[in-house]
Amino acid sequence: MKARNGTGALRAAAAVIAASLTAGTASAADLVISNWDGYMAKDIAESFKAATGLEIEVVNHATNEEIMGKLMASGGKGYDIVFVSSPFAEVLNAQGLVEPLDKAAIPNLANLYPEAAALAYDPGNAYSVPYTWGTTGLCYRSDKVSGTPDSWMSLLQPADDIKGKTTMLATDRWLMAAGLLAKGSSVNEADPAKINEARDLLIEAKKTLLAYDDTTFYAKLVSGEASLVHAWDGWCNYGIAENKDIKFVVPKEGSDLWVDTMVVLKGSENKANAMKFIDFILDAKNHAWAAENILYKVPNKAAMESLPAALGEQYPNMKMPPAELAKYELLRDLGPAQKDYSRAVSEIKAAN
Amino acid sequence: MSGQATIDAMTAAPPAVGAAVPGAFRRKLPGRIVLLVVFGFLYLPIAVLVLLSFNDSGLPTSWSGFSTRWYVALAGNGDILRAAWNTLVVAVFATLISTVLGTLLALGMETRRRKSNGLEALAFAPMVIPDIVLAVALLSLFSRLNLTMGLHTIVVSHVVFDLAFVCSVVRARLKNFDYSIVEASRDLGASGWTTFWRITFPVLLPAIVAGALLAFTLSVDEFIIAFFTAGAGRSSITLPMQIYSMIRFGITPEVNALATIVMGVSATALMISQWLNKEQVR
Amino acid sequence: MSFNATRPNLLAAPGVAWLMAFMVVPCLLVLSYAFFQRGTWGGIDYTFTLENFARVADPLYARIFLNSARIALTTTLIAILIAYPAAYAIARAPRMRQPILLFFAVLPFWSNYLIRTYAWIVLLNREGLINNLLRAMGYTGEPLSLLYTESAVIIGLVYNYLPFVILAIYSTLSRLNPELMEASRDLGAGPIRTFFRVTLPLTLPGVAAGGVFVFVLSIGNFVTPALLGGGRFQMVGNLVYDQFLTANDWPFGAALGMALIATMIVLLLVQARATSHASGERRGEAA
């Protein structure tokens, strides 16, 4: 312990605590992987060990934002692989925190769809591998909404009978995207005038909104509290699983393409093992687990083709072809326009 | 009469408000009604929480039939159980350290002849610094010092804010402290140490207990600072970290089951210890 | 223990050292980012600037601060009004029973903040328990929209921070010198007069401490506004959090944090002065 600032008493106290709390210090595993809880098979450690003889330790983060903050404040020490959404992978790369992939060690990259190897933030998968992907749209109760709500305006200026029964995503980028797309702008729009136009539309929309909700919107559809919600495709499937009347639609103005990725950290001391893990995930059978169990599309051709047809029947958005997904716009890091976005979002959230 | 005996007589003096006052009986009823209403409010959501631990459906907000399956799932969920244990370890250590440091700080601040605005600000600061600032700051510090992080670094971090809350409660009690009894004790020849344990400590005890309960409660529920200062490993995950990470794919009623057990066991343990105490007194 | 000039500093030393090492030093390092620019890709670009402070001066942020201060203050007042009689009743219960009552007042809060909040959602939502109960009792109108309102946020905050106020007030009430009250009564003061002239001033430091707890915890809370307020309300603590994590703009987050900390400390110092003035500074003559 190199504590420099502190009195003798303080050091003694620190020593006592350290001695009695030895649990929870450095891990003995070959790999430490941070992911969202439930985003990989529960027995992943056992099956990976059986395949490679390596011990892994899976830890969880609640959100992209939190693990990013932690990686930036600590330089990423202690983690080997993290799962984050693409704009965050892009920032980690720009910060020099991630390691270029050793493709020779990841032969299963060949399983990816060509579209998944040509993503604009990382063409050719130089530093990140897509784990799941999908789009954002409207999830609704077909028994309570008349017709198909096929426009962002159906959400932002809802018909009278569903006023007060809509929710929107609270995360900055997706919230803004709904307004920007409705106005025909890009989801990465940098023109302040267009950002303000979207902001004003979203402030108006707040009046007809039940709530902003990132986590339980599908439960609100099931309980009947809400009739139409702004949703990620995969999450809408959780609603569909509970109620057959729930449907998903991508508005005609278009939408975004979201990608959750795996990256290897520069600070990792087990990079060769990390490549093995990524290769293991890309194995068709292992990658199919995510599609089957969390109902997200995976960018793995071999895995998607192995899925039972019934899955696509029950959850139609699982059948969306990669070519269609690739038409939607990737969320990119905003650079200097970030300030305008965050002010706009503060203004929306402060509006009455 | 020895100084010691006098001190004993003095500390034995103040009984609980009401308990020894004649006519208190008549005034008990309003107190009972107040307690009934307030405890009703405190336990209304807890009743729902306990009920949901028996909910067959995994959705947190809709009921779909009685089931004990979440208790079975919990018994097999090593992650949650270990996280619960880690939380207890962190909260106990953080409470012990912050209660001692916070009480001493309060005594120091209240017995100074001149108030120092700097010291006041220092004691308030941990309460008003946004959690995220403290979290980022401590993680940056610990990584710069190359410390190995784990439960011990969470404890160090939790003491920062716990200590301010303990200090604040104890100071409030000290505002009414009658310093003349301390002087009297000293005049009667008792040492500083004896005076502290015989006079000051018993008077402060309710505030120290209240402060410790506060610190423990804050520490048990703290998420963001723990997440940042826990290090990367699996073995230092606390319960709030575990529960928040479940948000994306849904918090299962296992967590409700655990909370039900924690509250049930704590309440039972307290009742048993009270009962044993009474037996001993007899 | 004698209260001479050197002892107080010695007593305070360990706590002060802890706060210096684990709060002041690291926080000053982070807050100093306020004087630099955000790098194009997040991170810090070490070029000196005052731009972040200019952004803080935007009236939007003052408006958010005032609005969350208003919600926090309402919460505080309600919490004190509920907690005071509760603490009073606990302090008057038989001596043996007091620790048990205190224990049961904090026990609910050893569960978990998130699931307690979910429980409130179950109670308050449009298809929830309270509305169903009303319907069962024959109410036929539109279901009450209790959730996702400012009132829901305030209920949630009062609920979660109530035990903190009970503890703080109890700690000043417990074993108050009953002779004072008897004296007051002997001098012909009625119970109400005795309460306002004797009990209340004596417990004012506890009320103030508890009030401060609720206020600072509420203004920094983001779970309750997000879940019970449906994200329609934003507390100022959330603003700093968003800048650090969502916008990845540490310099601006640091500047906002600095402004918030400074404002709050000034408010608390003023509050402390006012409280000690109102409860009558009693210690001078003893030291």
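Quick caveat: nothing in here was measured; it's all calculated off a predicted structure.

In terms of regular secondary structure, chain B is built from twelve helices and zero strands. Starting at the N terminus, the α and β elements of chain B follow one another as α-α-α-α-α-α-α-α-α-α-α-α. Buried positions account for 61% of the 282 residues belonging to chain B. Relative to all contacts within chain B whose residues are 6 or more apart in sequence, the contacts with residues 24 or more apart total 73%. Roughly 11,000 Å² of accessible area belongs to chain B as shown, and the carbon and sulfur atoms make up 67% of that amount.

All right, on to the pairing of strand 1 (residues 31–35) of chain A then. Residue and element names in this part refer to chain A. In terms of burial, strand 1 is a largely internal element, five of the five residues being buried. Here strand 1 shows a buried face lined by Leu31, Ile33 and Asn35 and a second buried face lined by Val32 and Ser34. In this structure, strand 1 lies alongside strand 2 (residues 56–60), joined through five bridges in parallel fashion. Opposite valine 32, over in strand 2, you have glutamate 57 as the bridge partner.

Let us look at the state of the cysteines. With the rule as written, the count across this model stands at one disulfide over all chains. Cysteine 167 of chain B takes part in no disulfide bond, and the closest cysteine sulfur to it belongs to cysteine 27 of chain C, at a distance of 17 Å. Looking at cysteine 167 of chain B, the relative accessible area reads 2%, which means it is buried.

So, on to the UniProt feature "transmembrane region" (unreviewed entry) in chain C. If you check UniProt for "transmembrane region" (unreviewed entry), the listed places come out as residues 12–36, 69–88, 100–123, 152–173, 194–219 and 250–270 of chain C in our numbering. Spanning residues 69–88 of chain C, this segment combines 100% helix with 0% strand, and its end C-alpha atoms are found 28 Å apart.

Looking at where threonine 238 of chain B falls in the secondary structure, it is placed in the loop between helix 10 (224–229) and helix 11 (239–245). Non-local contacts of threonine 238 of chain B, meaning those with residues more than four positions away in its chain, are made with Ala83, Asn86, Thr87, Val90, Ile154 and Ala226 of chain B.

So, on to the UniProt feature "domain: ABC transmembrane type-1" (unreviewed entry) in chain B. UniProt annotation of "domain: ABC transmembrane type-1" (unreviewed entry) refers to residues 84–273 of chain B when read in the numbering used here. Taken end to end, residues 84–273 of chain B comprises 79% helix and 0% strand; its first and last C-alpha atoms sit 23 Å apart.

Let's shift gears to the side chain of aspartate 172 of chain A. In this structure, aspartate 172 of chain A sits in helix 6 (residues 172–182). Leave out the neighbours within four places in its chain, and aspartate 172 of chain A touches Ser342, Val345 and Lys349 of chain A together with Thr246 of chain C.

Another aspect to go through is the interface of chain A and chain B. With 41 residues of chain A at the contact, the number on the chain B side is 38 residues. Of the roughly 3,500 Å² buried at the junction of chain A and chain B (both faces included), carbon and sulfur atoms supply 66%. On inspection of chain A and its partner chain B, the count reaches zero salt bridges. Put simply, chain A and chain B have five residue pairs in polar contact (both at pLDDT 80 or more) between them. Secondary structure elements with two or more residues in the side of chain A that touches chain B: helix 1 (8–20), strand 2, helix 3 (64–74), helix 8 (217–223) and helix 9 (233–242) of chain A. No other element matches helix 3 of chain A, which puts six residues into the side of chain A that touches chain B. Across the side of chain A that touches chain B, the residue classes break down as 22 nonpolar, ten polar and nine charged.

Between chain B and chain C, the contact holds 106 residues from the first and 104 residues from the second. Here aspartate 221 of chain B and arginine 116 of chain C are joined by a salt bridge, their closest N and O atoms 2.8 Å apart. Counting across the chain B and chain C interface gives eight residue pairs in polar contact (both at pLDDT 80 or more). The dominant element in the side of chain B that touches chain C, judged by the number of residues it contributes, is helix 9 (residues 192–221) of chain B, at 16 residues. Class assignment of the residues belonging to the side of chain B that touches chain C gives a composition of 77 nonpolar, 15 polar and 14 charged.

Attention now goes to the environment of valine 145 of chain A. Residue and element names in this part refer to chain A. Here valine 145 lies in the loop between strand 4 (128–141) and helix 5 (152–156). Along the sequence, valine 145 and aspartate 161 sit 16 residues apart, while their C-alpha atoms lie 8.1 Å from each other. Apart from residues lying up to four places away in sequence, valine 145 is in contact with Tyr140, Ile162 and Ser227.

The next subject is helix 11 (residues 236–246) of chain C. Taken across its eleven residues, helix 11 of chain C has eleven buried, putting it largely inside the fold. Count one or two residues on from helix 11 of chain C and you reach asparagine 248 of chain C, which has phi positive near 55°.

All names here are of chain C. Among the secondary structure elements, phenylalanine 233 is positioned in the loop between helix 10 (223–227) and helix 11. Along the backbone, phenylalanine 233 and valine 153 are 80 residues apart, and their C-alpha atoms lie at a distance of 8.4 Å. In this view, phenylalanine 233 contacts Tyr148, Thr149, Glu150, Val153 and Pro225; residues no more than four positions away in its chain are not counted.

What follows concerns a nonpolar patch on the surface. Residues and elements named next belong to chain B. The grouping of Trp85, Leu88, Val92 and Leu96 at the surface amounts to a nonpolar patch, some 400 Å² of accessible area in total. Mapping leucine 96 onto the fold places it in helix 4 (residues 78–111). Judged by its relative accessible area of 55%, leucine 96 falls in the exposed class.

Basis of the calculations
Residues numbered from 1 in each chain as written. Chains lettered and ligands numbered in written order. Predicted model: local features only at pLDDT ≥ 70, side-chain atom pairs only at ≥ 80, totals over all residues. Heavy atoms only, no water. Helix = DSSP H or I, 4+ residues; strand = E, 2+ residues; numbered from the N terminus. Buried < 20%, exposed > 50% of the residue type's maximum accessible area, 1.4 Å probe, protein only. Contact = heavy atoms within 4.5 Å. Areas by Shrake-Rupley, 256 points an atom, 1.4 Å probe, with all protein chains shown as cover. Pairing = 2+ DSSP bridges. Disulfide = S-S within 2.5 Å. UniProt positions renumbered as here; feature names shortened; annotations may be inferred. Buried area = accessible area lost by both parts, 1.4 Å probe. Salt bridge = Lys/Arg side-chain N within 4 Å of Asp/Glu carboxyl O. Polar contact = N/O pair within 3.5 Å; in protein donor to acceptor, adjacent residues only side chain to side chain. Nonpolar A, V, L, I, M, F, W, Y, C, P; charged D, E, K, R; others polar. Patch = residues over 30% accessible without salt bridge, like charges linked within 9 Å, V, L, I, M, F, W, Y side chains within 5 Å.

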